Amino acid sequence: EAAVTQSPRSKVAVTGGKVTLSCHQTNNHDYMYWYRQDTGHGLRLIHYSYVADSTEKGDIPDGYKASRPSQENFSLILELASLSQTAVYFCASSDLVNQDTQYFGPGTRLLVL
Amino acid sequence: AQSVTQPDARVTVSEGASLQLRCKYSYSGTPYLFWYVQYQRQGLQLLLKYYSGDPVVQGVNGFEAEFSKSDSSFHLRKASVHWSDSAVYFCAASWLVASSSFSKLVFGQGTSLSVVP
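Residues numbered from 1 in each chain as written. Chains lettered and ligands numbered in written order. Predicted model: local features only at pLDDT ≥ 70, side-chain atom pairs only at ≥ 80, totals over all residues. Heavy atoms only, no water.

A. Representation of the overall build of chain B in the model. Counting its regular elements, chain B contains 0 helices and 12 strands. When the elements of chain B are put in sequence order from the N terminus, they spell out β-β-β-β-β-β-β-β-β-β-β-β. Computed over the C-alpha atoms, the radius of gyration of chain B is 14 Å, within 12% of the 13 Å expected from 2.2 N^0.38 for a compact globule of 117 residues. For the C-alpha atoms alone, the extent of chain B along its principal axes is close to 50 × 30 × 25 Å. Per-residue burial for chain B yields a buried fraction of 44% across its 117 residues. (Helix = DSSP H or I, 4+ residues; strand = E, 2+ residues; numbered from the N terminus. Rg over C-alpha atoms; globule rule 2.2 N^0.38 Å. Buried < 20%, exposed > 50% of the residue type's maximum accessible area, 1.4 Å probe, protein only.)

B. A look at the interface of chain A and chain B. Taken together, the contact between chain A and chain B spans 22 residues of the former and 21 residues of the latter. Carbon and sulfur atoms make up 51% of the surface buried where chain A meets chain B, a total of about 1700 Å² over both sides. Among the residues chain A hides against chain B, the three largest losses belong to L43, D100 and F104 of chain A. Together they make up 31% of the total. Taken together, the links from chain A to chain B amount to 1 salt bridge. Across the pair K104 of chain B and D59 of chain A runs a salt bridge, and its minimum N-O distance is 2.8 Å. For the interface between chain A and chain B, the tally reads 7 residue pairs in polar contact (both at pLDDT 80 or more). Broken down by secondary-structure element, the contributors of at least two residues to the side of chain A that touches chain B are β4 (31-37) and β5 (43-51) of chain A. The greatest single-element share of the side of chain A that touches chain B, amounting to 4 residues, is contributed by β4 of chain A. (Contact = heavy atoms within 4.5 Å. Buried area = accessible area lost by both parts, 1.4 Å probe. Salt bridge = Lys/Arg side-chain N within 4 Å of Asp/Glu carboxyl O. Polar contact = N/O pair within 3.5 Å; in protein donor to acceptor, adjacent residues only side chain to side chain.)

C. Inspection of the packing of aromatic side chains at higher detail. On inspection of all chains with the given rule, the structure shows 19 aromatic pairs over all chains. Members of the aromatic cluster, each reached through a chain of ring pairs, are Y31, Y33, Y35, Y50 and F104 of chain A together with Y32, F34, Y36, Y51, F90 and F107 of chain B. (Phe/Tyr/Trp six-rings, centres within 6.5 Å; stacked < 30°, edge-to-face > 60°.)

D. Up close: the pattern of salt bridges. Enumeration according to the criterion identifies 9 salt bridges over all chains in this entry. Salt-bridge contacts for E79 of chain A lead to K65 of chain A; the nearest nitrogen and oxygen are separated by 3.6 Å. Remark: K65 of chain A occurs in strand β7 (residues 65-67) and E79 of chain A occurs in the loop between β8 (73-78) and β9 (87-94); sequence separation between them is 14 residues. With a closest N to O distance of 2.7 Å, R77 of chain B and E64 of chain B form a salt bridge. Remark: E64 of chain B occurs in strand β8 (residues 64-68) and R77 of chain B occurs in strand β9 (residues 73-78); sequence separation between them is 13 residues. On the basis of relative accessibility, which here comes to 21%, the residue E64 of chain B falls in the partly exposed class. By sharing partners, the salt bridges in this structure join R36, D38 and R44 of chain A into a single network.

E. Representation of the nonpolar core. If you look at the biggest cluster of nonpolar residues, it comprises 29 residues, and the most contacted ones within it are L19, W35, L47, L48, F74, L76 and Y89 of chain B. For this core, the secondary-structure elements that each account for two or more residues are β2 (10-14), β3 (19-21), β5 (32-38), β6 (44-50), β8, β9, β10 (87-96) and β12 (111-116) of chain B. The element contributing the most residues to this core is β10 of chain B, with 5 residues. Contact partners of L76 of chain B, with chain neighbours within four places excluded, come to L19, Q20, L21, W35, L47, L48, F63, E64, A65 and Y89 of chain B. In this structure, V19, F74, A87 and V112 of chain A belong to the second largest nonpolar core, which totals 19 residues. (Core = buried A, V, L, I, M, F, W, Y, C linked by side-chain atoms within 4.5 Å.)

F. The arrangement of the environment of D54 of chain B in detail. All names here are of chain B. You can see D54 is positioned in the loop between β6 and β7 (56-58). Linking D54 and F67, residues 13 residues apart in sequence, is a C-alpha distance of 8.5 Å. One polar contact links the side chain of D54 to the main-chain amide nitrogen of V56, over a distance of 2.9 Å.

From the geometry alone we can't say anything about function, so treat these as descriptive.
Listed below in structure tokens is the structure:
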């Protein structure tokens, strides 16, 4: 009954290739988020969205695009993957009133070679 | 800029011992404060949160945290740890982004807790 799911769970990509990470939530939440986690660092916000067909930049958006085609789905796109984008990526969702109580997916481990 | 700092990257404690994980925030006002836990290869889960009122807040599985405005801290405690508490713990704070209705969550670096026999 996982409420936030991510696919793929892990991926190996080549430098310069395109990568799409997908997130699906069944919480009926308005907000969705993409974070990256690097070893020894906390989570950093890449993009977020509060409504379908609209996305906003977070703290580290360079090199990433986001797409929110529906309330349930939120994708993160790396048009030209680079070595520095090797990380674990987490998707999360929250409702409008309690934005800071976020529900996380299990993460996607991305290795760019 | 707002920030959250967890000074201890790794903590090892014996099973049954007490635990304190440290967290300090930097902000001119009082943010909302949180502790999240990440078990191996899983997403983060909320342990507890502080909005206002009693500075000691209770969370799941016997965890509690104490807010100190004078010290700008929000330390996590547990009286007696179990091996299943081994995980990475993240302190986080949220602030309302100026001129918007967006409340941004900022995470500390995380503290990896190992509970040994």
